[in-house]
Every structure is written in C-alpha cells, then in structure tokens.
Amino acid sequence: MALLFPGVALVTGAASGIGQGIAVAFAKDGCSRIALCDINVSGLEETKLLVLQVAPEAQVLVVYVDLSKEQDVKEMVHKTVQKFGRVDYAVNTAGM
Ligand SMILES: *[C@@H]1O[C@H](CO)[C@@H](O)[C@H](O)[C@H]1NC(C)=O
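Residues numbered from 1 in each chain as written. Predicted model: local features only at pLDDT ≥ 70, side-chain atom pairs only at ≥ 80, totals over all residues. Heavy atoms only, no water.

With that settled, consider helix H2 (residues 41–54). The terminal C-alpha atoms of H2 lie 20 Å apart, and with 14 residues this matches the ideal 20 Å at 1.5 Å per residue to within 8%. Turning to H2, its buried residues are Gly 43, Leu 44, Thr 47 and Val 51. Viewed end-on, H2 has its buried residues packed into an arc of 100 degrees, placing them on one side of the element. Away from its buried face, by an angle of more than 90 degrees, H2 presents the exposed residues Ser 42, Leu 49 and Gln 53. (Helix = DSSP H or I, 4+ residues; strand = E, 2+ residues; numbered from the N terminus. Expected span 1.5 Å × (residues − 1). Buried < 20%, exposed > 50% of the residue type's maximum accessible area, 1.4 Å probe, protein only. Arc of directions from axis to C-beta.)

Structural data, given as structure tokens:
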C-alpha cells in the first residue's frame, strides 16, 4: 500500500459526514495514527470501527472535544501530542 500520509492526523468533526469520510480516507492511504475528535462520542466510536475496518493496524485516539471551548481545544491537541508525539495533518470539519 502506498504510504501517502505517514505521520499523525488530527480530524475534528470526525463523528460523521465529511470528517468521518476524511478520517477513513487517511487510514486507507496509510496514515496509521489518527486522532478522531468530536463532541459526539458515539459517532466517534462508529468512525473508529470504520477506520479499523480499512486499517486494522491503525492506532486510533478518540477525543471528546467541544470546539467552542478553548480549553477543550488545547486539551485535544495536548492529548494527541501526548499519545503520538506530534501532529502532521490537521483537518477541521466540525461545524454546524
Ligand atoms: C452521533 O453520531 C451518531 C452516529 O453517527 C448519530 O447516529 C447521532 O445522531 C449523533 N448524535 C448527535 C447528537 O449528533
């Protein structure tokens, strides 16, 4: 498999829709460390399953985040860096 995205991806809005699709696409394209971030934890668990279907070896971090809260955003990045050491790609698809 081509490793288009070696490194660490952080995706907000990952519980559904475009964000979920992007997270799965990263996994398909060889990004094996992905932080899935959203306010909808059950949606995140669904995305995690989809990611692991296409990339069983992937390391997935599920992060609850309320992006309207600055503190939550800081913690989201902090938790991701704590687990994976870095963030290479950040995709912000959360919105309403
Ligand atoms: C959370 O995600 C699940 C799974 O996609 C969805 O069924 C549910 O409606 C979502 N909840 C909210 C509050 O958006």
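If you check the shell around the ligand, you find Ala 15, Asn 40, Ser 42, Gly 43 and Glu 46 and nothing else. Measuring from an oxygen atom of the ligand, one finds a side-chain N or O atom of Asn 40 at 2.4 Å. Within the side chain of Glu 46, one N or O atom sits 3.3 Å away from an oxygen atom of the ligand. For the ligand, whose unbound accessible area comes to 360 Å², protein coverage reaches 35%. Each residue belonging to the shell around the ligand can be placed in one class, and the counts come to 1 nonpolar, 3 polar and 1 charged. (Near = heavy atom within 4 Å. Polar contact = N/O pair within 3.5 Å; in protein donor to acceptor, adjacent residues only side chain to side chain. Areas by Shrake-Rupley, 256 points an atom, 1.4 Å probe, with all protein chains shown as cover. Nonpolar A, V, L, I, M, F, W, Y, C, P; charged D, E, K, R; others polar.)

In terms of nonpolar packing, the biggest core is built from 17 residues, with Val 11, Phe 26, Ile 34, Leu 36 and Val 51 touching the most fellow members. Listing elements by their share of this core, those giving two or more residues are strand E1 (8–12), helix H1 (17–28), strand E2 (33–38) and H2. It is H1 that contributes the most residues to this core, 4 residues altogether. In this structure Phe 26 touches Phe 5, Ala 9, Val 11, Cys 31, Ile 34, Tyr 89 and Val 91, once residues within four positions along its chain are discounted. The next biggest cluster of nonpolar side chains, apart from the first, holds 9 residues, and it includes Ala 35, Cys 37, Leu 61 and Met 76. (Core = buried A, V, L, I, M, F, W, Y, C linked by side-chain atoms within 4.5 Å. Contact = heavy atoms within 4.5 Å.)

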